[in-house]
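Fold and geometry: a report
In case you want the letters, here they are:
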Amino acid sequence: MSTLSTSTPGVRYLNYQFRCIGCGNTTETAAQDFRCANCGDLLEITYPYWKEAKLDGAQVKFIWQDRKISTSAVDLSGVWRFRDVLPVIEREEQAITLLEGNTPIYDLPRCSIITGVTRLFAKHQGLNPTGSFKDTGMTVAATFARMSGFRWVACASTGNTSASMAAYAARGGMRSLVLVPEGKISWSKLSQALDYGAVTCQLRTDFDGCLKLLQELVRKAPVYQLNSINPFRLEGQKTLAFELMEQFEWQPPDHIILPGGNLGNSSAIGKALLEMRDLGLMSTLPKLSIVQAEGANALVRTLRETGGKQLISVPAETRATAIRIGNPASWKKAIHVLEATGGACEQVSEREIAQAKAEIGAEGLGCEPASAVTLAGLKKLVKRKFVKPDETVVLVLTGNLLKDPDFTIDFHRGDMFAEKETAGLNPLRHPPIVLDASLDAVMRTLEQAEHS
Ligand code: F0G
C-alpha cells in the first residue's frame with residue numbers, strides 16, 4: 001500500500017481537487033453538471049497533494065506489479081490496481097468493479113507491412129467486460145456515484161457508454177437511464193443496455209441533442225451524470241496509459257493514436273502521459289494523435305480554421321456510429337493534450353475506415369469501425385512523414401468487433417459502397433456463401449478459395 005491510497009477509516013479524506021480548465025478555479029466539490037460555477041467550463045481532477053506525499057516512482061511501480069498476484073478485487077482490476085493515482089476511496093469494498101482493464105497489447109505484423117511501420121502495436125480495449133474502453137472510466141465514476149448516495153445514474157450515448165453504464169449500475173445496485181439517438185446506435189450496444197436493466201430512451205435527435213438534454217436533466221433531477229464530462233470517468237480511463245507503459249516496461253512508444261468522438265478518452269490518456277512525466281515515471285513523452293471520421297471532424301476543422309481557439313461544430317454523419325458526434329464536449333482538453341505532447345490530428349473517409357477495419361480483422365483481432373480510424377489515420381500520418389517507419393506506434397482499439405455486426409456484414413457482402421468504389425477492397429471481402437448441403441458443393445468452394 002502506498003501512502004496515497006490509504007485514508008483513516010471514518011474520516012473523509014480527499015486526495016484530489018476539481019480544477020476548472022477555463023479559469024483555473026479549484027474546489028473540493030462539483031455541481032451535478034460538472035461545470036465550473038464561475039465560468040461554466042469543464043472541470044478536471046488534480047492531485048495537489050502528490051507533491052507532499054512524495055510519490056516514489058520505483059516504489060509505486062513495484063506496488064502495481066505486486067498487486068497482480070493478490071486475490072482482492074481492487075487489485076485484480078486493471079484500473080483500481082493503479083489507485084494511487086486515482087481519487088481515493090475509503091474502503092476497497094466501495095469499488096464497483098467487473099475486473100476491467102488488464103487488456104492485452106498485440107503486435108500487428110500484417111498492418112506493419114501495409115503501413116511500413118515495423119514496430120506497430122494495438123492495445124485492445126475491446127476486451128473489457130462490456131466490450132469497450134468505457135468500462136475503465138465507468139468503474140471509477142459509478143463508484144463515486146454510489147458513494148455520493150445516488151440511486152440513479154444517467155448518460156447520453158452513441159452506444160458504448162450506455163452499455164457500460166448500465167452494467168456498472170446493475171452491478172452496484174443503482175438504476176440507470178440511457179438517452180440514445182434513435183436508429184443511430186448498433187443493436188448490439190442497445191441490447192446490452194436492455195439486458196443490464198437500463199431505462200432506455202431512444203430520442204428523435206442525434207448524440208449532441210441527447211447530451212444537451214441530459215445536461216438540463218441533471219440540473220433538475222437527482223440523477224448522477226456518467227458522460228465523459230464527468231471527470232471521474234476520465235480518471236479511470238487514464239489508467240490505460242499507466243497499464244500501457246507498464247506493459248512496455250516504462251519505455252515509452254513514440255506515438256499513441258486514438259479515435260476522437262466526444263474527445264474525453266484522448267483527453268484522459270493525454271492527462272495520464274503528462275502526469276507520468278511529472279511524477280518521473282517515464283523520461284520521454286509519446287506523441288498523442290487523434291483521428292476523426294471525415295463526416296464528424298469537428299476537431300480537425302477547429303484546429304484548421306481557428307487554430308484551436310473556437311469550436312467549430314459540424315452536423316455529424318458517419319457509419320462509425322460510436323464517433324458520430326459533431327459538438328465534442330472535451331475539445332479544449334483534447335487540444336491541450338495535442339499541444340502538450342506534440343501530437344497530430346487527422347481525418348479519414350468512410351472507405352478508409354472500412355478498409356482499415358477489415359485489415360485489423362485480418363490480424364485475427366477485429367475491432368469496431370470507430371477503432372479502425374486509428375489504422376486509417378496512421379497511414380496518412382506516415383504519408384505526411386509525421387510518423388517515421390522506425391518509430392514505435394500504439395493504436396488504441398476502443399471497441400470490440402462484435403459491437404457492430406451490421407457494418408461488418410454490409411462490408412463483406414459488398415452492400416456498403418457503390419461498385420466502382422469497392423475495387424481495391426475486394427481482396428479483403430469474405431462474403432458468406434449459401435450452398436446446398438452437399439459435400440460436392442463444399443469441396444468445390446474449398447477448391448475455388450484455394451485458387452483465389
Ligand atoms: N471509440 C469507441 C468505440 C467509442 O464508443 C467512442 C465514444 C470513441 C471511440 C470516442 O471516444 O468520445 O472519448 O472521444 N463513444 C461514446 C459513447 C461517445 O457514447 O459510447 P471519445
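Fair warning: this is a prediction, and the values are worked out from it, not measured in the lab.

**Considerations on the overall build of the protein**
- For the protein, the count of helices and strands is 17 helices and 13 strands.
- A globule of 452 residues ought to have a C-alpha radius of gyration of about 22 Å, and the protein, at 22 Å, matches this closely.
- Along the longest, intermediate and shortest principal axes, the C-alpha atoms of the protein span 75 × 50 × 50 Å.
- A fraction of 70% describes how many contacts in the protein between residues 6 or more apart in sequence connect residues 24 or more apart.
- Of the roughly 19,100 Å² of accessible surface on the protein, a fraction of 52% belongs to carbon and sulfur atoms.
- Positive and negative charge centroids in the protein, built from 50 and 49 side chains respectively, lie 5 Å apart.

**What about the site of the ligand?**
- Around the ligand sit 20 residues, and of these S157, T158, N262, L263 and T398 come closest.
- The contact in question runs from an oxygen atom of the ligand to an N or O atom on the side chain of N160, over 2.8 Å.
- At the level of secondary structure, the elements contributing two or more residues to the shell around the ligand comprise helix 6 (160-171) and helix 10 (264-278).
- The class makeup of the residues in the shell around the ligand is seven nonpolar, 11 polar and two charged.

**With respect to the environment of A437**
- Here A437 shows up in the loop between helix 16 (419-422) and helix 17 (439-451).
- The exposure class of A437 is exposed, given its relative accessible area of 90%.
- A sequence separation of 161 residues divides A437 from M276, and the C-alpha atoms of the two residues are 59 Å apart.

**Quick word on the sheet that holds strand 6 (residues 152-156)**
- The four strands lie next to each other as 8-7-6-9, forming an open sheet whose pairing is parallel. Looking at the sheet topology across the chains shown, the edges are occupied by strand 8 (199-203) and strand 9 (223-225). Each strand axis lies, on average, 25° off the axis of its neighbour in the sheet, ignoring direction.
- Bridge count between strand 7 (residues 175-181) and strand 8: five bridges; the pairing is parallel. Looking across to strand 8, one finds that L179 is bridged to C201.
- In the packing of helix 6 onto the sheet, the strands contacted are strand 6 and strand 7, and the crossing angle to strand 7 comes to about 175°.
- Contacts between helix 8 (residues 207-220) and the sheet are confined to strand 6, strand 7, strand 8 and strand 9, with strand 7 contributing the most and set at about 145° to the helix.

**Observations concerning the nonpolar core**
- In this structure, W64, Y224, F232 and M276 are the most contacted members of the largest nonpolar core, which totals 91 residues.
- With near-sequence residues (within four places) excluded, W64 lies in contact with R81, F82, D84, V85, F242, E246, W250 and L281.
- Core analysis: the next-biggest nonpolar cluster, separate from the first, contains 38 residues, A122, V348, A356 and M416 among them.

**With respect to the packing of helix 6 against helix 7 (residues 187-195)**
- Orientation of helix 6 relative to helix 7, taken along the N-to-C sense of each, is 20°, at an axis distance of 8 Å. Overall, the two elements helix 6 and helix 7 adopt an arrangement that is roughly parallel. Judged by the sense of rotation from one axis to the other, the crossing of helix 6 with helix 7 is left-handed. Seen from helix 6, the contacting residues are N160, S162, A163 and A166; seen from helix 7, they are K189, Q192 and A193.
- Residues of the contact of helix 6 with helix 7, tallied by class, amount to three nonpolar, three polar and one charged.

**A look at helix 15 (residues 405-413)**
- Those residues of helix 15 not exposed but buried are F407, T408, F411 and H412. Each buried residue of helix 15 sits inside an arc of 120° when the element is viewed along its axis, so together they form one side.
- Buried positions along helix 15 lie against helix 13 (350-361) and helix 14 (369-383).
- Of the residues one or two after helix 15, G414 is the one with positive phi, at around 85°.

**Examining the sheet that holds strand 13 (residues 392-397)**
- The strand order across the open sheet formed by six strands is 4-5-13-10-11-12, and the pairing between neighbours is mixed. Whereas interior strands pair on both sides, the edge strands pair on one side only; in this sheet they are strand 4 (105-107) and strand 12 (345-348). Geometrically, the sheet is characterised by an average inter-axis angle of 25° between neighbouring strands, direction not taken into account.
- Seen against the sheet, helix 10 touches strand 10 (255-259) and strand 11 (287-293) and runs at an angle of roughly 175° to strand 11.

**Focus: the confidence of the model for the protein**
- Mean pLDDT over the protein works out to 95, with 97% of the residues at or above the 70 mark.
- Note on residues 1-12: pLDDT is under 50 here. Beyond four places in sequence and across chains, it has 30 contacts.

**With respect to the packing of aromatic side chains**
- The tally for this structure, following the rule as stated, stands at 13 aromatic pairs.
- Between Y16 and F144 the ring centres are 6.2 Å apart and the planes differ by 90°, which places this aromatic pair in the edge-to-face class. Note that Y16 is positioned in the segment before strand 1 (17-20) and F144 in helix 5 (residues 134-147), a separation of 128 residues in sequence.
- Judged by relative accessible area, which is 4%, Y16 ranks as buried.
- Relative accessible area serves as the criterion here: at 3%, F144 is assigned to the buried category.
- Where F150 meets Y224, the ring centres are 5.1 Å apart and the plane angle is 55°; that geometry is what we call tilted. On the criterion of sequence distance, the pair formed by F150 in the loop between helix 5 and strand 6 and Y224 in strand 9 is long-range, its members being 74 residues apart.
- Three or more aromatic residues link up through ring pairs in this structure, and these residues are Y16, F18, F144 and F232.

Criteria and cut-off values
Counting restarts for each chain, with residues numbered from 1 along the sequence as it is written. Given that this is a predicted model, residues contribute local features only at a pLDDT of at least 70 and side-chain atom pairs are listed and counted only at 80 or more, while totals for whole chains, interfaces and linings are drawn from all residues. In computing side-chain values, all of the structure's heavy atoms are included and hydrogens and water are not. Numbering of helices and strands runs from the N terminus; a helix is a DSSP stretch of H or I covering at least four residues, while a strand is a stretch of E covering at least two. C-alpha atoms define the radius of gyration in this analysis, and the globule rule sets the expected value at 2.2 Å times the number of residues to the power 0.38. Note on definitions: a residue-residue contact is assigned when non-hydrogen atoms from the two residues lie within 4.5 Å. With residues, only the protein chains shown are counted as cover, and all accessible areas are computed by Shrake-Rupley using a 1.4 Å probe. For the purpose of counting charges, residues Lys and Arg are taken to be positive, whereas Asp and Glu are taken to be negative. His and the chain ends are not included. Just so you know, the charge point we use is NZ for Lys, CZ for Arg, CG for Asp and CD for Glu. Whether a residue is near a molecule or strand depends on its heavy atoms: if one lies within 4 Å, it is near. Here a polar contact is recorded for every N or O atom pair within 3.5 Å, except that within protein the pair must consist of a potential hydrogen donor and a potential acceptor, and residues adjacent in sequence are included only if both atoms are side-chain atoms. Amino acids outside the nonpolar list (Ala, Val, Leu, Ile, Met, Phe, Trp, Tyr, Cys, Pro) and the charged list (Asp, Glu, Lys, Arg) are all regarded as polar, and Gly is one of them. Burial classes follow relative accessibility: with a 1.4 Å probe on protein chains only, a residue under 20% of its type's maximum area counts as buried, one over 50% as exposed, and anything between as partly exposed. One bridge is not enough; two strands pair if DSSP finds at least two bridges between them. Structural elements are reduced to axes, namely lines fitted to C-alpha atoms, with helices fitted over the stretch in contact, and the angle between N-to-C directions of any two is expressed from 0 to 180 degrees. For this analysis, a nonpolar core means a set of buried residues of the types Ala, Val, Leu, Ile, Met, Phe, Trp, Tyr and Cys, connected via side-chain atoms within 4.5 Å. Roughly parallel refers to an angle under 35 degrees, roughly antiparallel to one over 145, roughly perpendicular to one between 65 and 115, and oblique to any angle outside these ranges. Put simply, a crossing is left-handed when the front helix is turned counterclockwise from the back one by less than a right angle, and right-handed when it is turned clockwise. This arc corresponds to the set of directions leading from the helix axis out to the C-beta atoms. One number per residue, pLDDT, summarises how confident the predictor is, and it ranges from 0 to 100. Centres within 6.5 Å are what make two rings of Phe, Tyr or Trp a pair, Trp counting through its six-membered ring; a difference in plane orientation under 30 degrees is then read as stacked, over 60 as edge-to-face, and the rest as tilted.

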